[in-house]
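What follows is the residue order along each chain.
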Amino acid sequence: MALDHLSHDCDVLVIGAGGAGLRAAIEAADLGCSVHVVTKSLLGKAHTVMAEGGVAASLGNVDDRDGWKVHFADTMRGGQYMNNPRMAELHAKESPARVKELELWGAVFDRTADGKILQRNFGGHRFPRLAHVGDRTGLEIIRTLQDHSIHKTTVAVSMETTIVKLLKDGDRVCGALGYERVSGRFVLIKAKAVVIATGGLGRAFEVTSNSWEYTGDGYALAYDAGAELIDMEFVQFHPTGMVWPPSVKGILVTEGVRGEGGILVNSQGERFMFNDIPENYRNQTAKDKEEGWRYVTGDKTAMRPPELLTRDHVARCINREVKAGRGSPHGGVYLDITWIKERVGGPAKAAELIRKKLPSMYHQFLELGGLDITTERMEVGPTTHYTMGGIHVDGDTQMSTVPGLFAAGEASGGLHGANRLGGNSLSDLLVFGKRAGEFAAKFAKEQKAGWLDQAQIEAAATDAVHWMDAPTGNENPYTVQADLQKSMQALVGIVRLEGEMRQALDKIQEFKARAKKVCAPTGRTYNPGWHTCLDLPSLLISAEAVTISAIERKESRGAQFRDDFPDKSKEEAKWNMVVKKGPDGKMVLERRAVKPQTAEMKQIIEDQAK
Amino acid sequence: MSSPSPVPTTTRSEPRTFIIWRGDKDSGTYTPYTAEITAGMVVLDAIHQIQAVHAPDLAVRWNCKAGKCGSCAAEINGKPRLMCMTRMESLPPGPIHVAPMKAFPNIKDLVTDVKWNYAVNKRIKPFKPKQVEADGSLRMQQHDIDRVQEFRKCIECFLCQDTCHVLREHDKHAEFAGPRFFVRMASLEMHPQDAEDRREFLKKEAAIGYCNITKCCTEVCPEHIHITDNAIIPLKERVVDQYYDPLAAAIRFVFGSKK
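Rules and cut-offs
- Residues numbered from 1 in each chain as written.
- Chains lettered and ligands numbered in written order.
- Predicted model: local features only at pLDDT ≥ 70, side-chain atom pairs only at ≥ 80, totals over all residues.
- Heavy atoms only, no water.
- Helix = DSSP H or I, 4+ residues; strand = E, 2+ residues; numbered from the N terminus.
- Buried < 20%, exposed > 50% of the residue type's maximum accessible area, 1.4 Å probe, protein only.
- Areas by Shrake-Rupley, 256 points an atom, 1.4 Å probe, with all protein chains shown as cover.
- Contact = heavy atoms within 4.5 Å.
- Buried area = accessible area lost by both parts, 1.4 Å probe.
- Salt bridge = Lys/Arg side-chain N within 4 Å of Asp/Glu carboxyl O.
- Polar contact = N/O pair within 3.5 Å; in protein donor to acceptor, adjacent residues only side chain to side chain.
- Pairing = 2+ DSSP bridges.
- Axes fitted to C-alpha atoms, helices over the stretch in contact; angles between N-to-C directions.
- Domains from an automatic or database assignment.
- Phe/Tyr/Trp six-rings, centres within 6.5 Å; stacked < 30°, edge-to-face > 60°.
- Lys NZ or Arg CZ within 6 Å of the ring centre and 35° of its normal.

## Comments concerning the overall build of chain B
Argument step 1. Looking only at helices and strands, chain B has ten helices and seven strands in total.
Argument step 2. In terms of overall dimensions, chain B has a C-alpha envelope of 75 × 40 × 30 Å along the principal axes.
Argument step 3. By residue count, 54% of the 259 residues in chain B fall in the buried class.
Argument step 4. Working note: accessible area of chain B is about 11,600 Å², and carbon and sulfur atoms make up 55% of it.

## Concerning the interface of chain A and chain B
Argument step 1. At the interface, 64 residues of chain A touch 68 residues of chain B.
Argument step 2. Buried area between chain A and chain B, summed over both chains or domains, comes out near 5,400 Å², and the portion from carbon and sulfur atoms is 57%.
Argument step 3. Our enumeration of links across chain A and chain B arrives at six salt bridges.
Argument step 4. Notably, a salt bridge pairs B:Asp146 with A:Lys356, separated by 3.9 Å at the nearest N-O pair.
Argument step 5. Linking chain A with chain B are 37 residue pairs in polar contact (both at pLDDT 80 or more).
Argument step 6. When contributions to the side of chain A that touches chain B are tallied by element, the ones reaching two or more residues are helix H3 (85-104), helix H4 (137-149), helix H11 (359-369) and helix H16 (528-552) of chain A.
Argument step 7. The greatest single-element share of the side of chain A that touches chain B, amounting to nine residues, is contributed by H11(A).

## Re the sheet that holds strand S5 (residues 96-99) of chain B
All names here are of chain B.
Argument step 1. The strand order S2-S1-S5-S3-S4 describes an open sheet built from five strands, whose pairing is mixed. One side of each edge strand has no neighbouring strand; the edge strands of this open sheet are strand S2 (28-37) and strand S4 (79-82). Along the sheet, successive strands turn relative to each other by an average axial angle of 35 degrees, direction set aside.
Argument step 2. Two elements, strand S3 (residues 73-76) and S5, share two bridges in a ladder whose sense is antiparallel. Along S5, the bridge assignment pairs Ile-76 with Val-98.

## Here we look at helix H5 (residues 217-224) of chain A
Residues and elements named next belong to chain A.
Argument step 1. Burial analysis of H5 places seven of its eight residues in the buried class, which makes it a mostly covered element.
Argument step 2. For H5, the full list of buried residues reads Asp-217, Gly-218, Tyr-219, Ala-220, Leu-221, Ala-222 and Tyr-223.
Argument step 3. Two residues or fewer after H5 comes Gly-226, characterised by a positive phi angle close to 100 degrees.

## Examining the domain arrangement of chain A
All names here are of chain A.
Argument step 1. As far as domains go, chain A holds domain 1 (241-382) and domain 2 (464-593).
Argument step 2. Look at where the C-alpha atoms of domain 1 and domain 2 centre, and you get two points 32 Å apart.
Argument step 3. In this complex, domain 1 contributes five residues to the contact, which on the side of domain 2 involves six residues.
Argument step 4. Overall, the association of domain 1 and domain 2 removes approximately 450 Å² of surface from exposure, summing both partners, and the carbon and sulfur fraction of that is 64%.
Argument step 5. In terms of surface lost to domain 2, no three residues of domain 1 exceed Asp-312, Arg-316 and Asn-319, which account for 75% of the buried area on that side.
Argument step 6. Across the domain 1-domain 2 interface, the total number found is zero salt bridges.
Argument step 7. Taken together, domain 1 and domain 2 are joined by one residue pair in polar contact (both at pLDDT 80 or more).

## Looking at the environment of B:Leu110
All names here are of chain B.
Argument step 1. Secondary-structure assignment places Leu-110 in the loop between strand S6 (106-108) and strand S7 (111-112).
Argument step 2. When the C-alpha positions of Leu-110 and Pro-100 are compared, they lie 4.4 Å apart, and in sequence the two are ten residues distant.
Argument step 3. In this structure, Leu-110 is in contact with Ile-20, Trp-21, Ile-47, Ala-59, Val-60, Met-83, Val-98, Ala-99 and Pro-100, ignoring residues within four places of it in sequence.

## Some remarks on helix H6 (residues 179-189) of chain B
Argument step 1. Taking burial as the measure, the eleven residues of H6(B) include eleven buried ones, the bulk of the element.
Argument step 2. Listed as buried for H6(B) are B:Pro179, B:Arg180, B:Phe181, B:Phe182, B:Val183, B:Arg184, B:Met185, B:Ala186, B:Ser187, B:Leu188 and B:Glu189.

## Some remarks on the pattern of salt bridges
Residue and element names in this part refer to chain A.
Argument step 1. Under the defined criterion, the tally for this structure stands at 73 salt bridges over all chains.
Argument step 2. Ionic pairing is found between Lys-40 and Asp-535, a salt bridge with its closest N-O pair at 3.3 Å. Residue Lys-40 is found in the loop between strand S2 (35-38) and strand S3 (55-56), and its partner Asp-535 is found in helix H16; the two are separated by 495 residues along the sequence.
Argument step 3. Judged by its relative accessible area of 10%, Lys-40 is buried.
Argument step 4. In this structure Asp-535 comes out as buried when scored by relative accessible area, which is 7%.
Argument step 5. Note that Glu-321 is salt-bridged to Arg-326, the shortest N-O span being 2.7 Å.
Argument step 6. Taking relative accessible area as the criterion, Arg-326 reaches 24% and is therefore assigned partly exposed.
Argument step 7. A single network of salt bridges, built from pairs that share partners, joins Arg-23, Glu-27, Arg-98, Glu-101, Lys-434, Glu-438 and Lys-442.

## Let's talk about the packing of aromatic side chains
Argument step 1. Tallied over the full model, the rule gives eleven aromatic pairs over all chains.
Argument step 2. On the basis of an interplanar angle of 75 degrees and a centroid distance of 5.4 Å, the ring pair of A:Trp293 and A:Trp339 is categorised as edge-to-face. Taken as a pair, A:Trp293 in helix H7 (residues 289-296) and A:Trp339 in the loop between strand S13 (333-336) and helix H9 (341-344) lie far apart in primary sequence, 46 residues in all.
Argument step 3. The buried category is assigned to A:Trp293, whose relative accessible area is 12%.
Argument step 4. Assessed through its relative accessible area of 6%, A:Trp339 is described here as buried.
Argument step 5. Plain terms: the ring middles of B:Tyr243 and B:Tyr244 are 6.5 Å apart, the flat faces sit at 55 degrees to each other, and that makes the pair tilted.
Argument step 6. Following the ring pairs from residue to residue traces out a cluster consisting of B:Phe176, B:Phe182 and B:Tyr210.
Argument step 7. It is A:Arg181 that lies over the ring of A:Tyr526; its NZ or CZ is 5.6 Å from the centre.
Argument step 8. Taking the ring centre of A:Tyr362 as reference, the NZ or CZ of A:Arg355 above it sits at 5.6 Å.

If you want it as structure tokens, here you go:
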């Protein structure tokens, strides 16, 4: 078959144009490489734009007791020590420089009284650490990176283009094949190194804060190319998503609401978070309502309110209240910020403060929920938000187990362990986006161009269009996707059981068979039916990786809660779960020893636990 | 400030007719579809339902579904709006017309070719910091950045570009930057730590003079940015001061040019 396609040639191909992808592209370009960025949507629309609360960096602008060691220890504790400790160390050390650099590129963060970058409290962070812009920090960061990268003459961007296959020359990657949504034409990109920055897999679940793009493409591309995926059982359910009306179910309500004093209440008016405080956080948690309020208003002697415990814990507490019949009318619990009127001098002052600190939340509820958060309580419940696991990378270079293939941001695994702290995703994508770009550039400079195998390319192209040109059935791709989402939500959700997860695995096999029989309407120009057909294999690989890893981990830790193994296990704590494609093409799982901490790291963690 | 329109508590659904543009820049037709509407639904939900049930190839752009990314701009009953932020309860009874943005070439159905905007942005001189502190950061007071932060709320939905008559009616894309990029330039020009000067670009290449401040852009902005009053008019004043003020010209002649 003579393939009609567009061709590009570059040193470094970056797949994904969220924060991690753009930061990688900027770095590789600054090191003298030609860079090609491919993005599934338009530039500036990636999920980074949805990040609300802030970016974690121990600048110490608000509390000078903060520093990289505290941030490191917080990240490890939050991740229940499943983290790659080297990544947690680099992340804590380098994020302040990455944030300040953004300011020089035009980002305008909120300020302290002495004109520095303001920082706010967030769950699991010991001190006010999140640099922010109201509750639209992600928008500020992606726009800054976007506007900075467009002036790099060696960065080319293909918008609305999806990669369907990584191409290999022997062991190493040497390019990729994709298609352009607008024309439907194939795009062949030759590259000496590839950075995957495609985000997560939220669309494998029914209730999610993720947009249509997050179908686990990066995991599937890397997996097919022979790379390993690590910690895939750890899927973060953010405790506060909207629950009503149905059309907005899952949309994120920032943790910033709780950081500004918002409290969680059940239908009986009880502030239930005080009832269940984990042992390892007890000496860092407020004794009562009074102390909690003092903490959120900046009293350095006070401890955090229990609403600001880690996300895994808060999500489970909400889930328990709802299951016990103490939920709100639409199956959530109440998140109340109106109560601060008692403390700030009346309802008018409170309303003004809420609108100033949480403008996007105010508008989101007013316009989508018909509710004024300055006078009424919100209804919230858990929503699939983030994938802690991902492509297994080297902590320093971000290179996967496949030479020349790098990953950064949510697409990579290791930094967050079993649970990610809020604010650590934006800092993750800055720190490791830069590192991935840097080491991909180094790798590219040391390589000759790879050899593109025409047979690989044509096979991938034929595979990509057969849904349209030669369908083998008439399944509706949207229906298969929706059925998969329902199954994963019901069987591999917040509370997990081996029997149910085995059922989910059987279902995944059924969905795989159905996904072979989907058909797309004809016409390759901007055809979302076809795009949905192409997303299904990625979703299925991602869902399978989550499920088999979750079955293998026989304990409850971080985001993984097993009703059949409700406690932490010392034995399980020694292992990370790693999946890859076996020689027969089936997914295989291996236990890999958790990376050891150095003596210095152990000392830091011990000191910070006091 | 708008007061919230309450979401009905019923879970009953009722059918509504949507008349949607199906076609491209050369040909097409408005095609009727039916969607089952339940409480709290937005127009984008209905479009998705139609796509999943009746028209799998119906082209539509969307991402966040929460008014934060600006992808799903379209014209609903003739008005430029975000489909994800248009509640069904807010629309009058009768069929709902959904069309692509008119100021940009139609690619297919509700998707338009907006890449012109990205090309304009590339021509704007980037931020250039004035005084960097020893620790690598800037010092700025909150009250000095409040107005810049308003401009930086822009989600690049391009509804302001769509409604601007200079682009929509007069097709001046080749010589006019449009409200979105006046907002962007305002965010740079009014940044207390920016050392660049974009006045010549504003006058000669962005043609800010074409704007006759009808405020249509401000009206459609989903982020409620005061585009005309806070961005365009102050920028026009800067250009006027630079090019048309004889006293200022004389002072510059004697003392030299300074931003």
